[in-house]
Amino acid sequence: MSGRPAGTRPSSAELDARDPLAAYRSRFLGADDPAVVAYLDGNSLGRPVATVPARLAEFVEGAWGDRLIRSWDESWMDEPTRVGDRLGRVVLGAAPGQVVVGDSTSVLLYKLLRAAAAARPDRREVVVDRDNFPTDRYLLEGVAGECGLTVRWVEADPDGGVTADDLAPALGPDTAFVLLSHVAFRSGHVADGAALTALVHDAGALVVWDLSHSAGSVEVALDAWGADLAVGCTYKYLNGGPGSPAFAYVRADLLPDLQQPLWGWMGHADPFAMGPGYEPAPGIRRMLTGTPPVLAMQPLQAMLDLIEEAGMAAVRAKAMALTEHAVALADERLATYDVRLASPRDPAQRGAHVMLEHPAFREVTALLWQRGVVPDFRPPAGLRVGLSPLSTSFAEVERGVDAVADALAEITASSGRGPSS
């Protein structure tokens, strides 16, 4: 990494003072816990919104404790689509009737991949990049095996992500669907959703977008892209809590003919008919299978309150500013240890996390966790700095980078490998 002269940019204190979203930090539990020096893992698990305990208590005492099973008729049956519509409007750029909340990301992704394969029955190839998230690759390979399809692998820059030039050679008249991540889980690269969707459509194929590392931190415009299908989790930048339910998007014109593989009573046109055969529900409800996790949807709604109030454009601007600050600090304070930036240098090409690489980062991460600094480690040598825009301060980023420098100094000194001159 190249060094840069100190004093040529605003300090962390100055950046925090002029941050229009700074006040949101106090609206998360534990944001000023002295035992957590720097929480740099919001891209894996977001902090709980401060209103969540009261919201859950109200739900337990009221809709559940007081109304009991009557709440299914009064509100809960529509919760997956009601929350889905709001998520689509506030975060995903999706009109009503196209987003549903329920199941895990893996289960919903499996449903979408099988549905996409069935929608192109005469095509025998599916496409994914080798650096996509492991579950995405594993599921795609599994679906390909079940359906007798061939996997075409895209090779992309691991410090970047899939571009049109990378994807085009893998597409052809036999392509059924393509699976892509909007923000690369390792590098943070932001893919061009509109351009890649158009490229896939030119080949007559469908595209399935994984939005897990972009929903809530990067502006998404599924309808404007012309996207076919999308999936994402809600426990990262949407702060839904550990294991919170995922979401699925299906473009409206595809819904009448799209058939997902896991037929269950909640996806039936008349769930309480208990009839002998399966008839899919009209619209996005056909993506449901079993009883939706209504209780687990409540924390997500608290975070949607904050995002809607702040606006996704402002959230995205803060994310870029935070990652730019992190990269500048790493340039200044980690270059002497030969730490390498493994993310795009242009903040507009990054999501809300930055990947740094050094051979000692596995040891460094373990030491940092003991000291209340929490990034995450990604093999073989990556330290991922995740910056949740509404809960992370610029000073917190600086404390985290300084702690990385201190840990590297100790580890390299004890191993006899001093910093490079």
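Residues numbered from 1 in each chain as written. Predicted model: local features only at pLDDT ≥ 70, side-chain atom pairs only at ≥ 80, totals over all residues. Heavy atoms only, no water.

- You'll find the protein entered in an unreviewed UniProt entry as Kynureninase, with Nocardioides oceani given as the organism.
- As its UniProt record puts it under Function (unreviewed entry), the protein is described as follows: "Catalyzes the cleavage of L-kynurenine (L-Kyn) and L-3-hydroxykynurenine (L-3OHKyn) into anthranilic acid (AA) and 3-hydroxyanthranilic acid (3-OHAA), respectively."
- The record in UniProt for the protein states the following under Sequence similarities (unreviewed entry): "Belongs to the kynureninase family." (UniProt positions renumbered as here; feature names shortened; annotations may be inferred.)

### Structural notes on the packing of aromatic side chains
Move 1: Under the definition given, this model contains 6 aromatic pairs.
Move 2: With a centroid separation of 5.4 Å and 55° between ring planes, the pair formed by W209 and W225 is classed as tilted. You can see W209 sitting in strand 6 (residues 206-210) and its partner W225 sitting in helix 9 (residues 222-225), a full 16 residues away along the chain.
Move 3: Of the residues examined, W209 reaches a relative accessible area of 0% and is grouped as buried.
Move 4: By relative accessible area, W225 is classed as buried at 13%.
Move 5: Among the aromatic side chains, those forming a connected cluster through ring pairs are F59, W72 and W76. (Phe/Tyr/Trp six-rings, centres within 6.5 Å; stacked < 30°, edge-to-face > 60°. Helix = DSSP H or I, 4+ residues; strand = E, 2+ residues; numbered from the N terminus. Buried < 20%, exposed > 50% of the residue type's maximum accessible area, 1.4 Å probe, protein only.)

### Considering the packing of helix 5 (residues 105-119) against helix 6 (residues 134-147)
The packing of two helices is summarised by the inter-axis angle and the distance between the axes.
Move 1: Axis separation between helix 5 and helix 6 bottoms out at 10 Å; the angle between their running directions is 40°. If you check the angle between helix 5 and helix 6, you find them oblique. Here helix 5 and helix 6 pass one another in a crossing that is right-handed. Residues S106, L109, Y110, L113, R114 and A117 of helix 5 lie in contact with helix 6, whose contacting residues are T135, D136, L139, L140, V143, E146 and C147.
Move 2: Partitioned by chemical class, the residues of the contact of helix 5 with helix 6 number 8 nonpolar, 2 polar and 3 charged. (Axes fitted to C-alpha atoms, helices over the stretch in contact; angles between N-to-C directions. Parallel < 35°, antiparallel > 145°, perpendicular 65-115°, else oblique. Left-handed = near helix turned anticlockwise from the far one by under 90°. Contact = heavy atoms within 4.5 Å. Nonpolar A, V, L, I, M, F, W, Y, C, P; charged D, E, K, R; others polar.)

### Concerning the sheet that holds strand 8 (residues 247-250)
Move 1: On the basis of which strands lie adjacent, the open sheet formed by 7 strands has the order 2-8-7-6-5-3-4 and mixed pairing. Of all the strands in the sheet, the pair left with one neighbour each is strand 2 (99-101) and strand 4 (150-154). The sheet shows a mean angle of 20° between the axes of neighbouring strands, direction not considered.
Move 2: Of the pairings in the sheet, the one linking strand 2 to strand 8 comprises 3 bridges and is antiparallel in character. Paired with V99 across the bridge in strand 8 is Y249. (Pairing = 2+ DSSP bridges.)

### A word on the sheet that holds strand 13 (residues 382-386)
Move 1: If you trace the 4 strands from one edge of the open sheet to the other, you get 9-10-13-12, paired in antiparallel fashion. Edge positions in the sheet fall to strand 9 (340-341) and strand 12 (376-378), since each has one partner strand and no second.
Move 2: The pairing of strand 10 (residues 353-357) with strand 13 spans 5 bridges and is classified as antiparallel. What sits directly across from V354, in strand 13, is V385.

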